[in-house]
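Coordinate inspection notes
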Amino acid sequence: MKKAIKLKKINIDKIYKLPKKVAFCKTCVISNQRPKIDFDEKGICAACRYFEYKKTISFKKREEELKKILDKNRSKNSSYDCVVPSSGGKDSAYVAHELKTKYGMNPLTVTWSPLVYTEIGFKNLIGFNKAGFDVILGMMRGDTTRRLCRDATIEMGDPFQPFIYGQALFPMKIAAEYGIKLVFVGENAQAEYGGPKSSWNKSHISISEYEKFWFSNYAVKYWLNKGYSLQELQMIDTSNLKKFSNVKKYFYGYFRNWSNHSNYYYAKKYTNFQPNPERTEGTFTKYSSIDDKLDTFHHWFSLLKFGISRCTANASREVREGFRTRKEAVSLVKRYDSEFPKKYFKDFLEYTNLTKEEFFTIADSWRNKKLWKKTNNKWKLTTKII
Ligand SMILES: [Zn+2]
């Protein structure tokens, strides 16, 4: 017989330090319930303010800065001179390809395996590899990843945490092992998604800073304390920080004017990138994060905790980039944001070894009661974007 799942009493507002009163940005459609986002006195989110600020940046000067760093580190023999964490997706493909062909670098690309590959995701990785890139594919042992996915769903309300650890930490480990000093990730997520002004002009981040900001109480150590062994988690363990002291994680989006749209066209042209024929559940896009069958559950849990999900993030970004009006974004959010990811629900239950009933019991424990009300046995969001 299966053991009953023990659920904690959860205070979401406290865990994520969320404001009591819900407010939506007056420029885009994000709400102040997104963790770590700042809103100013005029009701505009810091991500929108950052995009305004970006227009004043001289990317010509920033490119000169980049060239200096690359000139100092460019390999003079066949060895690799930089690591690009890459899924074969459009953004990392753009970074790796431009570093190689425009700036004459010799990148080693490092992929952290999705929890469950989609067909299109794997095809894009192969296409990217074919375009002329060496790839190291990291895959933590499957039994551990599955257990961690299940435990993270229960303990953190985020099934996707095992992937997030690997995506952030494994390429840093590979860089350290190979003696490579430069790692280039895409955008500076802290700045692009509403972090404090102090993050806006950051060109790089250290691993300890990264862990502190993004993982807060849930760094890998948390799981070691919960009984996972170091052997099981060694691909994502960063406790030997000394090893990483020479590795710098740069944001390519600091040096180059970052746009998801143009990255898509770039990757389609140069690295065999293909979008999905159908839109991703919970949003309207066909080309963002399409390689994992289970990541839609990360976004669906965010809907429970914060009342906003993937469509809100995608639509907000398009408003900031000037591709959409706020009115269009609002109607997209109303249409897609609350959609349940049914396409891969069976895969999710099988992967985590949860029953449907267990899944919804866990889900309800992560529902922010400030944002949700149950009437006639159906949960409804109490907040409405206008
Ligand atoms: Zn905004």
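Residues numbered from 1 in each chain as written. Predicted model: local features only at pLDDT ≥ 70, side-chain atom pairs only at ≥ 80, totals over all residues. Heavy atoms only, no water.

For any two helices packed against each other, the geometry comes down to the angle between their axes and how far apart the axes lie. Remark: helix H4 (residues 90-101) packs on helix H12 (residues 260-270), axes separated minimally by 8 Å, with the N-to-C direction vectors making an angle of 65°. The chirality of how H4 crosses H12 is left-handed. Residues Lys90, Asp91, Ala93, Tyr94, His97, Glu98 and Thr101 of H4 touch H12, and the partners they reach there are Asn260, Asn263, Tyr264, Tyr266, Ala267 and Tyr270. Here the residues of the contact of H4 with H12 are counted per class, giving six nonpolar, four polar and three charged. (Axes fitted to C-alpha atoms, helices over the stretch in contact; angles between N-to-C directions. Helix = DSSP H or I, 4+ residues; strand = E, 2+ residues; numbered from the N terminus. Left-handed = near helix turned anticlockwise from the far one by under 90°. Contact = heavy atoms within 4.5 Å. Nonpolar A, V, L, I, M, F, W, Y, C, P; charged D, E, K, R; others polar.)

Moving on, we get to the pairing of strand S7 (residues 372-375). The side chains of a regular strand alternate between the sheet's two faces. Sheet topology places S7 next to strand S8 (residues 378-381); four bridges connect them, and they run antiparallel. Bridged to Lys373 within S8 is Lys380. What sits between S7 and S8 in their antiparallel hairpin is a turn of two residues, with Asn376 showing a positive phi close to 50°. (Pairing = 2+ DSSP bridges.)

To continue, consider H4. Its 12 residues place the ends of H4 16 Å apart at the C-alpha level, agreeing with the 16 Å of an ideal helix rising 1.5 Å per residue. The buried fraction of H4 is high, at 10 of 12 residues. (Expected span 1.5 Å × (residues − 1). Buried < 20%, exposed > 50% of the residue type's maximum accessible area, 1.4 Å probe, protein only.)

What follows covers the coordination of the zinc ion. Taken together, the protein donors to the zinc ion comprise Cys25 (SG), Cys28 (SG), Cys45 (SG) and Cys48 (SG), at separations of 2.3 Å. Each of the four donor atoms bound to the zinc ion contributes to angles spanning 103 to 115°, and the resulting shape is tetrahedral. If you list the donors of the zinc ion from N- to C-terminus, the spacing comes out as C-x2-C-x16-C-x2-C. Here Cys25, found in the loop between helix H1 (12-16) and helix H2 (46-54), pairs with Cys45, found in the loop between H1 and H2; they are 20 residues apart in sequence, far enough to count as distant. (Donors = N, O, S within 2.8 Å, 3.2 Å for Na, K, Ca; no water. Tetrahedral: all angles 85-135°; square planar, octahedral: opposite > 155°, others 65-115°.)

With that out of the way, let us pick up the nonpolar core. Across soluble globular proteins, nonpolar side chains have a tendency to be buried as a group. Among the nonpolar cores identified, the biggest contains 110 residues, and Leu99, Phe184, Trp223 and Tyr252 are the most heavily contacted of them. Among the elements that make up this core, the one with the highest residue count is helix H7 (residues 161-178) (10 residues). When residues of this core are assigned to domains, at least three map to each of domain 1 (12-55 + 296-381) and domain 2 (59-261). Other than its neighbours up to four places away in sequence, Trp223 contacts Leu148, Asp151, Ala152, Glu155, Met156, Tyr165, Tyr228 and Leu233. (Core = buried A, V, L, I, M, F, W, Y, C linked by side-chain atoms within 4.5 Å. Domains from an automatic or database assignment.)

Right, let's get into the environment of Ser365. Within the element layout of this structure, Ser365 appears in helix H17 (residues 356-365). For Ser365, a relative accessible area of 17% corresponds to the buried category. Those residues in contact with Ser365 that lie beyond four places of it in its chain are Leu7 and Ile10.

A word on the packing of aromatic side chains. Counted according to the given criterion, the structure contains 44 aromatic pairs. Ring geometry for Tyr94 against Tyr252: centres 5.8 Å apart, planes inclined by 75°, an arrangement best described as edge-to-face. In this pair, Tyr94 sits in helix H4 while Tyr252 sits in helix H11 (residues 252-255), placing the two residues 158 residues apart along the sequence. For the pair formed by Tyr94 and Tyr252, the shared burial category is buried. On the basis of an interplanar angle of 85° and a centroid distance of 5.0 Å, the ring pair of Phe340 and Phe345 is categorised as edge-to-face. Judged by relative accessible area, which is 22%, Phe340 ranks as partly exposed. Phe345 gets classed as buried once you look at its relative accessible area, which sits at 10%. In this structure an aromatic cluster arises from ring pairing among Tyr94, Phe184, Tyr250, Tyr252, Tyr254, Phe255, Trp258, Tyr266 and Tyr270. (Phe/Tyr/Trp six-rings, centres within 6.5 Å; stacked < 30°, edge-to-face > 60°.)

Turning next to the packing of H7 against helix H9 (residues 207-215). At a minimum axis distance of 11 Å, the contact between H7 and H9 shows a crossing angle of 170°. Taken together, H7 and H9 sit at an angle that is classed as roughly antiparallel. Residues Gln161, Ile164, Tyr165, Ala168, Leu169 and Met172 of H7 pack against Ile207, Tyr210, Glu211 and Phe215 of H9. Of the residues that constitute the contact of H7 with H9, the class distribution is eight nonpolar, one polar and one charged. (Parallel < 35°, antiparallel > 145°, perpendicular 65-115°, else oblique.)

This part takes up the sheet that holds strand S1 (residues 82-85). Taken in spatial order, the six strands line up as S3-S2-S1-S4-S6-S5 in an open sheet, and their pairing is mixed. The open sheet terminates on both sides in strands that have one partner only, identified here as strand S3 (135-138) and strand S5 (204-205). The sheet contact formed by strand S2 (residues 107-112) and S3 spans four bridges and is parallel. Counted as the bridge partner of Val110 is Ile136 from S3.

As enumerated under the stated definition, the model contains 23 salt bridges in all. Glu98 is paired through a salt bridge with Arg256; the nearest N and O atoms lie 2.8 Å apart. Note that Glu98 is positioned in helix H4 and Arg256 in the loop between H11 and H12, a separation of 158 residues in sequence. Arg324 is the partner of Glu318 in a salt bridge, and the nearest nitrogen-oxygen pair spans 2.7 Å. By relative accessible area, which is 11% here, Glu318 ends up buried. A single salt-bridge network, built from bridges that share partners, covers Lys54, Glu192, Arg317 and Glu321. (Salt bridge = Lys/Arg side-chain N within 4 Å of Asp/Glu carboxyl O.)

As far as domains go, the protein holds domain 1 (12-55 + 296-381) and domain 2 (59-261). Look at where the C-alpha atoms of domain 1 and domain 2 centre, and you get two points 24 Å apart. Across the boundary between the two partners, domain 1 contributes 30 residues, which contact 34 residues of domain 2. Both faces combined, the contact of domain 1 with domain 2 buries some 2,900 Å², and carbon together with sulfur accounts for 55% of it. Sorting the residues of domain 1 by area buried against domain 2 places Lys36, Tyr50 and Tyr351 first, and these three jointly supply 26% of that buried surface. Our count for the contact surface shared by domain 1 and domain 2 stands at two salt bridges. Between Glu192 and Arg317 there is a salt bridge whose closest N-O contact spans 3.0 Å. The interface formed by domain 1 and domain 2 contains 19 residue pairs in polar contact (both at pLDDT 80 or more). Only H2, helix H13 (295-306), helix H14 (310-320) and helix H16 (345-352) provide two or more residues apiece to the side of domain 1 that touches domain 2. The element best represented in the side of domain 1 that touches domain 2 is H2, accounting for seven residues. The residue makeup of the side of domain 1 that touches domain 2, split by class, is 16 nonpolar, three polar and 11 charged. (Buried area = accessible area lost by both parts, 1.4 Å probe. Polar contact = N/O pair within 3.5 Å; in protein donor to acceptor, adjacent residues only side chain to side chain.)

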